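Topology and contacts: notes
Here's the letter readout for the chains.
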Amino acid sequence: MSEISTYDGQPLPFEQLVRAIAERRSTYGRASGLRIDRAERGEAWSSLPYQTVFAGDTETGVIHGGVVTAMLDESCGMAVQLALDGSRAIATLDLRIDYQKPAKPGLDVKAHAVCYHVTRSIAFVRATAYQETEQDPVATAAACFMVGANRTNMLQDRAAHEVPLLDAPEEESGPFAKSPFARCLGIRVTGDGVLHMPFSPKIIGNPILPAIHGGITGAFLETTAIVGVARELGSATPPKPIGLTINYLRSGRALDSFANVSIVRQGQRIVAFQAQAWQEDAAKPIATAFGHFRLRQAERDSEAAPATGALGQIIENNPMQSS
């Protein structure tokens, strides 16, 4: 990583700001290979090269929805920083993702993010993720960021931080045997059905605190919702994500995280759910998520299976793929 000549807390000239964003992004963002391709004031174009570790299902190669969520979160952050002057730290307050279609395997994912309004303490941004043209999106996002979120500033931090490798340890059996990205995050299902994501360097967002990447927390909540809703419905066929709104309540510290989900309302075709993630105390969540899944035909037509047997069916069918 090259050195950037700056003074802490001082505004950066625009070209220097762009260079700082390119070189000093989050640990996970850099490990994922996410790059900024073009920049204007308050506007960023980025791209994420395809990797096999991003797959949600090894049989199809379809990208895990959480990969798109994390990319959109970071791309939105780029646009916010480009609307500012590089002197203040930012943090995601909330992020809404609407899924239009699955990301095709083997193709890069691109994003265009626009920060369209900034107040003294809040920045508003929207973004589109796509592969071939922006008019044919994979997903869209809207987010709010806190400006001056803490005393750290990754863009003006001089320390070099090691970039970890995104790998997916092999697993012959288990809920995520066919989901490289879930294995990359180390997600496990505990005995009581709660999902567990151990802390590791690869999921860090801000390396100075350090804190878990907000997009990874979103990916964890999405994974929890897919597994938990399928289990509650006694279905072997995973539901299809429609939209997800994540609210960030506390910084995810360098600790293991846990999450669970509950069904808020179930119709014949749509399920509404609410999920929460916490670390040391379930009464103090670090983030919550509310969203909707569309039930697939097999789910609507099947008879409910016992909850204890549903997870085994999920294992065979692997729900960890994008919408």
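Since the structure is predicted, the reported quantities are computational estimates derived from the model, not experimental observations.

For the rest of this paragraph, the subject is the environment of glutamine 100. In this structure, glutamine 100 sits in the loop between strand E3 (90–99) and strand E4 (109–118). For glutamine 100, a relative accessible area of 40% translates into the label partly exposed. As for glutamine 100 and tyrosine 130, which are separated by 30 residues in sequence, their C-alpha atoms are 9.8 Å apart. Excluding its chain neighbours within four sequence positions, the residues that come into contact with glutamine 100 are Pro137, Val138, Ala139 and Thr140.

On to helix H5 (residues 214–233), then. Taking 1.5 Å of rise per residue, the 20 residues of H5 would be expected to cover 28 Å, and the 29 Å separating its terminal C-alpha atoms lies within 8% of that figure. Counting buried positions along H5 yields 19 of 20 residues, so the element is predominantly enclosed. One or two positions beyond H5, positive phi appears at glycine 234, with a value near 65°.

Attention now moves to the packing of aromatic side chains. Enumeration over the complete set of coordinates arrives at 4 aromatic pairs. Aromatic pair phenylalanine 54 and phenylalanine 181: ring centres 6.4 Å apart, planes at 70°, arrangement edge-to-face. Of this pair, phenylalanine 54 sits in the loop between strand E2 (43–48) and helix H3 (65–83) while phenylalanine 181 sits in helix H4 (residues 180–184), and the two are 127 residues apart along the sequence. Residue phenylalanine 54 shares its accessibility class with phenylalanine 181, and that shared class is buried. Residues tyrosine 116 and phenylalanine 124 carry aromatic rings whose centres are separated by 6.4 Å and whose planes lie at 35° to one another, so their mutual orientation is tilted. The ring centre of tyrosine 116 lies 4.3 Å from the NZ or CZ of arginine 126, which sits over that ring.

A few words on the pairing of strand E12 (residues 287–294). In this sheet, E12 lies alongside strand E9 (residues 240–248) in antiparallel orientation, the contact comprising 8 bridges. Its bridge partner lying in E12, tyrosine 248 is registered against alanine 287. By the bridge criterion, 8 bridges tie strand E11 (residues 270–278) to E12 in an arrangement that is antiparallel. Looking at E12, one finds that glutamine 274 is bridged to phenylalanine 290.

Glancing now at the pairing of strand E5 (residues 122–130). Pairing of E4 with E5 involves 8 bridges; the strand directions are antiparallel. Paired with histidine 112 across the bridge in E5 is threonine 128. What sits between E4 and E5 in their antiparallel hairpin is a turn of 3 residues. For E5 and strand E6 (residues 137–147), the ladder comprises 9 bridges, and the chain directions are antiparallel. Bridging from a neighbouring strand, threonine 128 pairs with threonine 140 of E6. In this structure, the hairpin formed by E5 and E6 is closed by a connection of 6 residues.

With that out of the way, let us pick up the packing of H3 against H5. Packing of H3 against H5 brings their axes to within 8 Å, and their N-to-C directions diverge by 155°. The pairing of H3 with H5 is recorded here as roughly antiparallel in orientation. Here H3 runs over H5; the crossing is right-handed. For the pair H3 and H5, the contacting residues are Gly65, Gly66, Thr69, Ala70 and Asp73 in the first and Gly214, Gly215, Ile216, Gly218, Ala219 and Glu222 in the second.

What follows is about the environment of alanine 20. When you line up the elements, alanine 20 lands in helix H1 (residues 14–23). The exposure class assigned to alanine 20 is buried, which follows from its relative accessible area of 0%.

A turn of α-helix holds 3.6 residues, and therefore any two residues three or four places apart point the same way. Leu17, Val18, Ala20 and Ile21 are the residues of H1 that are buried. For H1, the arc enclosing every buried residue in end-on projection is 160°, short of the 170-degree limit, so these residues lie on one face. At its buried positions, H1 is contacted by strand E1 (35–40) and H3.

Evaluated as defined, the whole model comprises 12 salt bridges. Note that arginine 38 is salt-bridged to glutamate 40, the shortest N-O span being 2.8 Å. Overall, the relative accessible area of 44% leaves arginine 38 in the partly exposed class. Residue classification places glutamate 40 among the partly exposed residues on the basis of a relative accessible area of 33%. In this structure, glutamate 132 and lysine 104 form a salt bridge, with 3.7 Å as the shortest nitrogen-oxygen distance. With glutamate 132 in the loop between E5 and E6 and lysine 104 in the loop between E3 and E4, this residue pair connects regions lying 28 residues apart in the sequence. A relative accessible area of 53% places glutamate 132 in the exposed class. Salt bridges here are not isolated pairs; linked through shared partners, they connect Arg35, Asp37 and Asp108.

Calculation criteria
- Residues numbered from 1 in each chain as written.
- Predicted model: local features only at pLDDT ≥ 70, side-chain atom pairs only at ≥ 80, totals over all residues.
- Heavy atoms only, no water.
- Helix = DSSP H or I, 4+ residues; strand = E, 2+ residues; numbered from the N terminus.
- Buried < 20%, exposed > 50% of the residue type's maximum accessible area, 1.4 Å probe, protein only.
- Contact = heavy atoms within 4.5 Å.
- Expected span 1.5 Å × (residues − 1).
- Phe/Tyr/Trp six-rings, centres within 6.5 Å; stacked < 30°, edge-to-face > 60°.
- Lys NZ or Arg CZ within 6 Å of the ring centre and 35° of its normal.
- Pairing = 2+ DSSP bridges.
- Axes fitted to C-alpha atoms, helices over the stretch in contact; angles between N-to-C directions.
- Parallel < 35°, antiparallel > 145°, perpendicular 65-115°, else oblique.
- Left-handed = near helix turned anticlockwise from the far one by under 90°.
- Arc of directions from axis to C-beta.
- Salt bridge = Lys/Arg side-chain N within 4 Å of Asp/Glu carboxyl O.

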